[in-house]
Structure formats: structure tokens, C-alpha cells
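The lines below spell out each chain.
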Amino acid sequence: MHLNHPANVAVIGRGYVGLGTAGLLAHIGHTVTGIDIDEEKIAMLRQGHVPIHEPGLDDLLASQVERLTWTTDYSAVRDADVIFICVGTPPGLDGTPDLQYVVSAAASIARHLNSHSQIIVNKSTVPIGTGDYVQRLLEDHTPSFDPSRHFVVSNPEFLREGTALGDSLYPDRIVLGGQPQALDLMTQLYAPLIDQSFTAPTVAPRPEWFTRPAVVKTSLQSAEMIKYAANAFLALKISFANEISGLCERVGADIEEVAAGIGMDQRIGQRFLQAGLGWGGSCFGKDTQGLISAGREHQYDMPILQAAIDVNYRQRRVVIDKLLRHLKTVKGKRVSILGMAFKPNTDDLRDAPTHDLIVQLNRLGASVTAHDPIAMNRAAREWSHLSYTPAATVEEAFERADAIILATEWDEYINLDWNTLLATTRRPLVIDARNIIRRPINAQVEQVGRDAPRGERRRADVERS
Ligand SMILES: NC(=O)c1ccc[n+]([C@@H]2O[C@H](COP(=O)([O-])OP(=O)(O)OC[C@H]3O[C@@H](n4cnc5c(N)ncnc54)[C@H](O)[C@@H]3O)[C@@H](O)[C@H]2O)c1
């Protein structure tokens, strides 16, 4: 079987994954129709505005404008060779992923399948077994469904918000699950990505060390499990570093030096060992819970994952405890938080630690001010249930503050003129929950897993030895 080149592709869902997938597929030469039920988002895209903040994405989409069409009309599925499902799978109340958007997308796709070969690709992160479920939904809603022509494939996404373009164009691996003939068609679709024959866009140059991605061909179930297990393992690494950091504080060790020391072991690796405020965002919390609830369905406990979750959310209280150790009480005090997005270079506020910090500080009677370089407008819409004063500028956040909590390691904050700004506070106290302050400043500084900022010299010593 052969796939047309360029292929006609439909991408369902215009969120972080859908937009990244549409941009990638257009950039490697395919003709892409992006479909979303959100008319406002589609209208924005048609006018050339990207509804999320992702570095370089607006330039990439603008450069592919001739290959990209945006619509709310599912009839575009009829002409598509490959249809990607990239809708959200938020956690339900018991932690089980809510599949309502996948189900409704599959039902809408089913009404428009044609009489040729078509591949329906699930890129959303879904519980193991969802590929079979989607196939059954398609069978139920498509009178002409033919399993020798209509294939369901799992192709989980591994991009990280903030570095989505590089992650998609130069991935470590492409995971494909499904029947062998469908996976052959998928490797044809991804051929320019697999052999890296496309011209690297200026917004995301190809790293010098990068050659080509590995391709993992497997079953639907294993592909779905690879995505969950990968996220769970990364979450575990961060929680491990955070757990060790608490002990470091008690025994006088320094978590950064410890993490560097253990990370030099190639079996462990340096990445995802940063202690701090813990993970947030739309994936780690949801996917660890999703895996635990899958275990529960099979009467199978997953105590390691549960502990990783507990350690993660404990870390948010640890930061408040550090603040209270200095201020005793925060009632009536002005606490300013720098950073609202769950990590730098994104406007995503889902499960952001700052949300929980504001909740805890509200309960304790503090007057909270918050600042973010990008996510303020979104917070005004999504966090209207919280009580905080948005600071229009970082200077405004420092003025008359009794304490500053550094919650997101944006470059803007790393490069601040800290001493000038601290002079405008009521009390120079900084809870640096991301360990970004590297030289002494005119303040009492609390960090995670270490005594105080030590400056670059100690770090360099570690790197040299
Ligand atoms: N965000 C990430 O970093 C990331 C990384 C890897 C995997 N994932 C997974 O990818 C999936 C999508 O995540 P996201 O962050 O892009 O979600 P998102 O919430 O940003 O976007 C989802 C989009 O789907 C649209 N949608 C919902 N129902 C629809 C329907 N029936 N038809 C058409 N459009 C519909 C929504 O309007 C929204 O625009 C999730 O399963 C997530 O776990 C996310």
C-alpha cells in the first residue's frame, strides 16, 4: 500500500499538540486541514493569530500558510488520507482520563470516512485500550467501515510546551502502534522526518548532534503504554530529586551538587533531577493518575507512582513552610509571586504550582500579588476564583512586598537587577523555589535542598572534577 505524497492530512484539535502537529506536517510537505469545534480559535487562526503561546510556532505556521487550512467543518475528513486526533483528555474527578472529547471526535470522523484507505491516528494521551475503543466507535458510526481499509494507529506525542517545535522536528523517537500495513503508511507519511530530509526552519534549527529519530513499531496497547510509562518515569525522577532535597536540607548537603554527582552516571542522566516546586502542567499529574486508575481497574496497586504524586504536591507546602519560618504569620502581609505558568516559555496554567500557592496564601490571610511575563491575561480568565492582585510589571510586584516567591524560572526573572528591586520591598526576603539565584543578593534567600545561593564557583568546581 502506498500513501499519496504530499498526503492530505486532517488534524483534529487546535491545542498545543494539534497546532504543533499541523505545523510539523505542513513543514515536511503535507497538505493539512486543522479542525476544531472552538469557532473563536479557528477564526483567530484564519486571521493569522495563534491562540496559544509557543515559541516559534506563529512563524512556522505563517511560513506554511499555503498548506494549512483551518475549519470547524468535519467534512474535510472525507479527503484526508490520515486523520490525527489531538483533542484534550483531562482528568475526571477520580483521576481517570475523561474521554468525552476523543469519543465525540471519533464519532464526527466516522460520519465522514470515505471508501478509500484512511488511517485514524490517536495522538492524544489515552488509557491503554482506547485504540480498540476508537476502532469500535468508528465501526458503530460508519456503515461502510472496512478494517482492511480503515486503520487505527497510536502515535503518542512527546513534545514539551515551550520547546514544542524542536521536540517535534528532532524527536528522540517516533512511536507507532497498530497493524503492520498501517505502520508502513505512517512511516511513508513521516519519511521526511525520519530521514531528516526537510530544510530546518530558522525558528528551530537542527541541533548539530542530531541525526535521525528512532522509529518504534509496536502494538496499539504498547504504544499507548509507552506514553504513560515515559511521563510517569519523568515525574518520578523529579519527585525523587525533591524527596532527596528535603533530606539534603536536614543533613547539610546541597541538592544541586548531589543531583550533578548522581546524574554523571550515564545510567541515571542529568535531566529531570531539578529539585524545586515540583512538576505541574497538563500532563504529569494527569498521566500518573491515569496510570494508577488503570492499575485500579485491574486490582493492581502502583505505590511508587502514588508516592511520586504525594511528594510532588507536598513540595508546594514546603515552600509555604519556608515562608512561614521567616514571617511567622502572613496575615495582612504582602506576598508577591513571580511566575504563574507551570514552567517558562508557555502560557499554560493547568495544574500550575502557583495556583496552589495562591490558594494556601489566601487561606493564611496573606495579600497576594502575582506576575508572569506571558500568562497574566490567561490567568485573569482562568483563575478568576482566586484572590490576588495582578502586577502589571515586575517592579510593581517588588514594591512594598514582605516576601517574594520565585515560582517559575523565566529568563526574565533570572536576569533581574535583584538588588535594585529588593530595595523597594518592605522586607528583602526571597523564597527561590526554583533555585535560580546563583550569587549573593541583598536579601534573606531560601532555596530548595540547600542552605543559600552559593554562586557559580562551587558549581564550576563540580563540573571540573
Ligand atoms: N500539552 C502537552 O504538552 C502535551 C504533550 C504530549 C501529549 N499531550 C496530550 O495531547 C492531548 C491534547 O493536549 P493539548 O495540550 O494539545 O490539549 P488542549 O486542551 O490544548 O487542546 C485540545 C483542543 O481540542 C479541541 N477539541 C475538543 N473536542 C473536540 C472535538 N470533538 N473536535 C475538534 N476539536 C475538539 C479543543 O477545542 C482544544 O482546542 C492530550 O491528550 C494531552 O495529554 C499534551
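The protein carries the name UDP-glucose 6-dehydrogenase in an unreviewed UniProt entry, which gives Deinococcus koreensis as its organism. UniProt, in its Pathway (unreviewed entry) section for the protein, records the words "Nucleotide-sugar biosynthesis; UDP-alpha-D-glucuronate biosynthesis; UDP-alpha-D-glucuronate from UDP-alpha-D-glucose: step 1/1." One UniProt comment on the protein, placed under Catalytic activity (unreviewed entry), says "UDP-alpha-D-glucose + 2 NAD(+) + H2O = UDP-alpha-D-glucuronate + 2 NADH + 3 H(+)".

I'm lost on the packing of aromatic side chains in this one. Help?
We describe a pair of aromatic rings using the distance from one ring centre to the other and the angle between the two ring planes. Taken as a whole and judged by the stated rule, the model has seven aromatic pairs. Measuring from ring centre to ring centre gives 5.6 Å for Tyr170 and Phe210, while their planes differ by 65 degrees; the resulting arrangement is edge-to-face. Taken together, the residues span a long stretch of sequence, with Tyr170 in the loop between α6 (164-169) and β7 (173-177) and Phe210 in the loop between α8 (191-194) and β8 (214-218) at a distance of 40 residues. With 6.3 Å between their ring centres and 50 degrees between their planes, Phe272 and Phe284 make a pair best called tilted. Of this pair, Phe272 sits in the loop between α10 (255-263) and α11 (284-297) while Phe284 sits in helix α11, and the two are 12 residues apart along the sequence. Joined through ring pairs, the aromatic side chains of Tyr170, Phe198, Trp209 and Phe210 make up one cluster. The cationic tip of Arg173 hangs over the ring face of Phe158; the distance from NZ or CZ to the ring centre is 3.7 Å. Just above the ring of Phe198 sits the side chain of Arg206; from NZ or CZ to the centre is 4.8 Å.

Can you help me understand helix α13 (residues 353-363) in this one?
Burial in α13 covers these residues: Pro353, Thr354, His355, Leu357, Ile358, Gln360 and Leu361. Check the buried side of α13 and you find it contacts α12 (303-327), β9 (334-338), β10 (367-371) and β12 (403-406). Looking one or two residues beyond α13, the residue adopting positive phi is Gly365, at roughly 90 degrees.

What is the right way to read the site of the ligand from this model?
Inspection of the region around the ligand gives 28 residues, with Asp36, Lys41, Tyr74, Thr89 and Lys286 positioned closest. Here Thr125 contributes a backbone N or O atom positioned 2.9 Å from an oxygen atom of the ligand. Protein contact buries 91% of the 840 Å² of open area that the ligand shows by itself. Elements supplying a minimum of two residues to the shell around the ligand: α1 (16-27) and α4 (100-110). For the shell around the ligand, the element with the highest residue contribution is α4, accounting for three residues. Partitioning the shell around the ligand into residue classes produces 11 nonpolar, eight polar and nine charged. Composition of the shell around the ligand by domain shows at least three residues from each of domain 1 (8-218) and domain 2 (242-464).

Sorry if this is basic, but what is going on with the domain arrangement of the protein here?
Often, the extent of an interface is quoted as the loss of accessible area upon association of its parts. Segmenting the protein into domains produces domain 1 (8-218) and domain 2 (242-464). Taken over C-alpha atoms, the centre of domain 1 sits 33 Å from the centre of domain 2. Of the residues lining the interface, 16 residues belong to domain 1; the matching set on domain 2 comes to 19 residues. Both sides together, the interface formed by domain 1 and domain 2 hides about 1300 Å², and carbon and sulfur atoms give 49% of it. Counting across the domain 1 and domain 2 interface gives one salt bridge. Salt-bridge contacts for Arg350 lead to Glu161; the nearest nitrogen and oxygen are separated by 3.7 Å. Taken together, the links from domain 1 to domain 2 amount to six residue pairs in polar contact (both at pLDDT 80 or more).

When you look at the UniProt feature "binding site: substrate" (unreviewed entry) in the protein in this model, what are you seeing that I'm missing?
Following the UniProt record, one finds the feature "binding site: substrate" (unreviewed entry) at Phe158, Leu159, Arg160, Glu161, Lys227, Phe272, Leu273, Gln274, Ala275, Gly276, Gly280 and Lys343. Taken along the chain, the residues just named run across 186 residues; in space they spread out, the farthest C-alpha pair reaching 24.5 Å. Along the chain, the position of Leu273 falls in the loop between α10 and α11. Ignoring sequence-local partners within four residues, the contact set of Leu273 consists of Lys237, Ala241, Ala259, Ile262, Gly263 and Ile268. Relative to the assigned elements, Lys343 resides in the loop between β9 and α13. Once residues lying within four places of it in the same chain are set aside, the contact partners of Lys343 are Arg160, Glu161, Thr408 and Trp410. For Lys343, the side chain forms a polar contact with the main-chain oxygen of Glu161, separated by 2.7 Å.

For this particular structure, what's the right way to read the sheet that holds β10?
Whenever strands of a sheet pair, they do so through backbone hydrogen bonds, lying parallel or antiparallel. With parallel pairing, six strands are arranged side by side in an open sheet as β11-β10-β9-β12-β13-β14. Of all strands in the sheet, those bounded by a partner on one side alone are β11 (389-390) and β14 (444-446). Against the sheet, α12 contacts β9, β12, β13 (429-432) and β14, and its axis sits at roughly 160 degrees relative to β13. Of the strands in this sheet, β9, β10 and β12 are in contact with α13, which crosses β9 at around 175 degrees.

Cut-offs used in this document
Residues numbered from 1 in each chain as written. Predicted model: local features only at pLDDT ≥ 70, side-chain atom pairs only at ≥ 80, totals over all residues. Heavy atoms only, no water. UniProt positions renumbered as here; feature names shortened; annotations may be inferred. Phe/Tyr/Trp six-rings, centres within 6.5 Å; stacked < 30°, edge-to-face > 60°. Helix = DSSP H or I, 4+ residues; strand = E, 2+ residues; numbered from the N terminus. Lys NZ or Arg CZ within 6 Å of the ring centre and 35° of its normal. Buried < 20%, exposed > 50% of the residue type's maximum accessible area, 1.4 Å probe, protein only. Contact = heavy atoms within 4.5 Å. Near = heavy atom within 4 Å. Polar contact = N/O pair within 3.5 Å; in protein donor to acceptor, adjacent residues only side chain to side chain. Areas by Shrake-Rupley, 256 points an atom, 1.4 Å probe, with all protein chains shown as cover. Nonpolar A, V, L, I, M, F, W, Y, C, P; charged D, E, K, R; others polar. Domains from an automatic or database assignment. Buried area = accessible area lost by both parts, 1.4 Å probe. Salt bridge = Lys/Arg side-chain N within 4 Å of Asp/Glu carboxyl O. Pairing = 2+ DSSP bridges. Axes fitted to C-alpha atoms, helices over the stretch in contact; angles between N-to-C directions.

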